[in-house]
Amino acid sequence: MLPSPESLKETLQAQLPGIGLSIEGEGFGVEVKDWVSVCRYLKTAPALELDYLSDLTAVDYPPDRIEVVCHLYSMKQKHGPLTLRVKLNRAHPVVDSVTAVWRSAEFQEREVYDLFGVTFTHHPDLRRILMWDGFEGYPMRKDYVVEDQDVLEKPA
Amino acid sequence: MALRTDAKPTLETQPLEVNLGPQHPSTHGVFRMMVSLDGETIVKLKPVFGYLHRNHEQIAEDITYIASFPFTDRLDYFCAMSNNLGLAIAIEKLADVTVAERGEYLRVIMAELTRLVNHTAVTGFLLNDMGAFGTPLLYAFREREKILDLFEAASGSRMMCNYIRPGGVREDVPDGWLKRAKEIVDRYPTFLDEFEALLTKNEIIRQRTQRVGVLSKELAISAGVTGPMLRASGVNYDIRKVDGYSFYSRFSFKVPLGSIGDVYDRYSVRILEMRQSVQILQQAFKQIPDTGPAISPKGVALVKAPRTFRPPKGDAYGRIESPKGELGFYLVSDGSPQPYRYHVRAPSFVNLTILEDMCLGCKVADAVIILGSVDIVMGEVDR
């Protein structure tokens, strides 16, 4: 069983001094600068061993923030999920990639980049994945305007 | 004259770039592999997809929770029932909906029948990829059709079932359905024996699949691979056991494991899983109550008046062991009748991450088999 968020927070702050961490529901909100170090710790700490990144996605909260959300489980100890969130500036959403920690982030981060426009630094191959190269805009953002399919040609 | 093996190549060579797909029967839909070849050996492989992308997630954010169910049928169109179940479980978690007992048993029965359908079909396709055109696939499809008839009797549609709802199932199965289903399930091991007699010890199949596309345990875990692929690599992780969702904790069944994680192991794990599914089904047929509602009162209210269904603010991540792996739905509610955020964690999308790692150093003909053993459905990968 996973420890409660409160005790986990204490452990994390003791192990990684100076990190910004807030309890949100069943999981944590992590600050952008600590994103990879917290993830790496959660994966390797012997009591947790959250070795399986199940799901990584984003939620758009206009006008000012985008949250990257991920759900972690442990395949060795069979516990989870632990939800991690990181709040990003919607105008320039940039966060470090966790592909080096969990390989399963590779395509999921590409999808978030493709549909939300979040840039993951140090990602090995950050390209669009579902939309085509050269597509403009980020379709999953709340302010994305869907093209009107009934109009054959755009008025000049 | 002795063959010189230490000779340095005198000609300048360059890798050959080949596109496998997007329109090719071996790619299981519109999927493209950009392959760099050195002779016949793969030195680089990049999967390209998105041809079937229709932004399922965005569509779902504009409609009510219930209205998404028909769309989930089209995610993994082989396993409509388990996709319905995944979304139903996520909604139940979000809004705290209880499930009627008979409905829950029917859901387990449908989910396991779907597993039989999926594994039978993918095994048939694997043989097709190896060049055994037609015959094994038709054996597989003959059995699959019998189960699809059951789905049609229960839901009105062979493949796009749209049957499971939060709180239970849309409506109870017709009279005599369970008896008919039991007969088909009881006969299934006979079919599996026949299928295995044709395939399991077949020398050609062993030559083509053993030690091909090996996936190590460590990489499988790190890459978030789930389902039969993960268990073929020897990791004991089955969400039916780990989470014990639905009534799976009431049944006794084993989790088959492979040893080295090659294509042959994935094939064997799927065959063994089908035998376990038959056991689960037989227990479910014994345990299911004869009477009782197939859907709970809250579920009925939700289905009858979807626009009045406003889950409390918050989020929920519901996941199930679909035939292809972990199928997860992440829902965020803002208290309105539509989900604020709706995300599908598709198993075959994540399982494709390590396609290149498995294919490097293999021959180009093996890439087709390795892709087949991943078991992808483009409706789910592209969403």
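One structure accompanies this document, and this report is about it. Residues take numbers from 1 onward in each chain, read along the sequence in its written order. All chains are assigned letters beginning with A, and all ligands numbers beginning with 1, in the order in which they are written. Local features are withheld for residues below a pLDDT of 70 in this predicted model, meaning they are given only at 70 or higher, and side-chain atom pairs are given and counted only at 80 or more; totals for whole chains, interfaces and linings count all residues. Side-chain calculation: all heavy atoms of the structure are included, whereas hydrogens and water are not.

All right, on to the interface of chain A and chain B then. By definition in these notes, contact holds between two residues if any of their heavy atoms fall within 4.5 Å. At the interface, 38 residues of chain A touch 40 residues of chain B. Carbon and sulfur atoms supply 57% of the area that chain A and chain B bury against each other, a total of about 3,200 Å² over both sides. Buried area is a sum: the accessible area each of two parts loses on coming together, probed at 1.4 Å, counted once for each and added. Counting the surface chain A buries against chain B, the share from its top three residues, Met75, Arg103 and Phe107 of chain A, is 21%. Any Lys or Arg side-chain nitrogen located within 4 Å of an Asp or Glu carboxyl oxygen qualifies as a salt bridge. At the surface where chain A touches chain B, the tally comes to four salt bridges. The partner of Asp357 of chain B in a salt bridge is Arg103 of chain A, and the shortest N-O contact between them spans 3.1 Å. Here a polar contact means two N or O atoms within 3.5 Å. Within protein one must be a hydrogen donor candidate and the other an acceptor candidate, and residues neighboring in sequence count only if both atoms are side-chain atoms. Applying the counting rule to chain A against chain B returns 20 residue pairs in polar contact (both at pLDDT 80 or more). Secondary structure is summarised from DSSP: a helix means a run of H or I of at least four residues, a strand means a run of E of at least two, and numbering begins at the N terminus for each. For the side of chain A that touches chain B, the secondary-structure elements that each account for two or more residues are β3 (52–61), β4 (65–73) and α3 (105–116) of chain A.

What follows is about the packing of aromatic side chains. All names here are of chain A. Under the pairing criterion, centres of Phe, Tyr and Trp rings, with the six-membered ring standing for Trp, must be within 6.5 Å; the plane angle then separates stacked pairs below 30 degrees from edge-to-face pairs above 60, leaving the rest tilted. Summed over the entire model, instances satisfying the criterion amount to 21 aromatic pairs over all chains. With 6.1 Å between their ring centres and 35° between their planes, Tyr52 and Tyr73 make a pair best called tilted. In this pair, Tyr52 sits in strand β3 while Tyr73 sits in strand β4, placing the two residues 21 residues apart along the sequence. For the pair shown, Tyr52 and Tyr73 are each scored as buried. Classification of residues uses two cut-offs on accessible area relative to the type maximum, computed with a 1.4 Å probe and protein chains only: under 20% is buried, over 50% is exposed, and between them is partly exposed.

To continue, consider the pairing of strand β3 (residues 41–48) of chain B. All names here are of chain B. Two strands qualify as a pair provided that DSSP identifies no fewer than 2 bridges between them. Pairing of strand β2 (residues 32–38) with β3, which is carried by seven bridges, proceeds in the antiparallel orientation. Looking at the pairing, Leu37 lines up with Ile42 of β3. The turn joining β2 and β3, which pair antiparallel and follow one another in sequence, is formed by two residues; a positive phi near 65° is taken by Gly39.

Our next topic: the sheet that holds strand β2 (residues 27–30) of chain A. All names here are of chain A. Taking strand neighbours across the sheet as the criterion, the five strands line up as β1-β2-β5-β4-β3 in an open arrangement whose pairing is mixed. Two strands bound the open sheet, and with one partner strand each, they are β1 (21–24) and β3. The sheet shows a mean angle of 25° between the axes of neighbouring strands, direction not considered. Pairing geometry for β1 and β2, over four bridges, is antiparallel. Across the sheet, the residue bridging to Glu24 is Gly27, located in β2. Inter-axis angles, ranging from 0 to 180 degrees, are taken between N-to-C directions of lines fitted to C-alpha atoms, where helices are fitted over the stretch in contact. Against the sheet, helix α2 (residues 35–44) contacts β2, β4 and β5 (82–89), and its axis sits at roughly 170° relative to β5.

All right, on to the nonpolar core then. Residues grouped as a nonpolar core are buried Ala, Val, Leu, Ile, Met, Phe, Trp, Tyr and Cys residues, joined through side-chain atoms within 4.5 Å. In this structure, Trp35 and Leu84 of chain A together with Phe49, Leu113, Tyr163 and Leu355 of chain B are the most contacted members of the largest nonpolar core, which totals 165 residues. For this core, the leading source of residues is helix α4 (residues 101–129) of chain B, giving eleven residues. Residues contacting Trp35 of chain A, with those up to four places away along its chain left out, are Val30, Val68, Cys70, Leu84, Arg85, Val86, Val95, Asp96 and Val98 of chain A.

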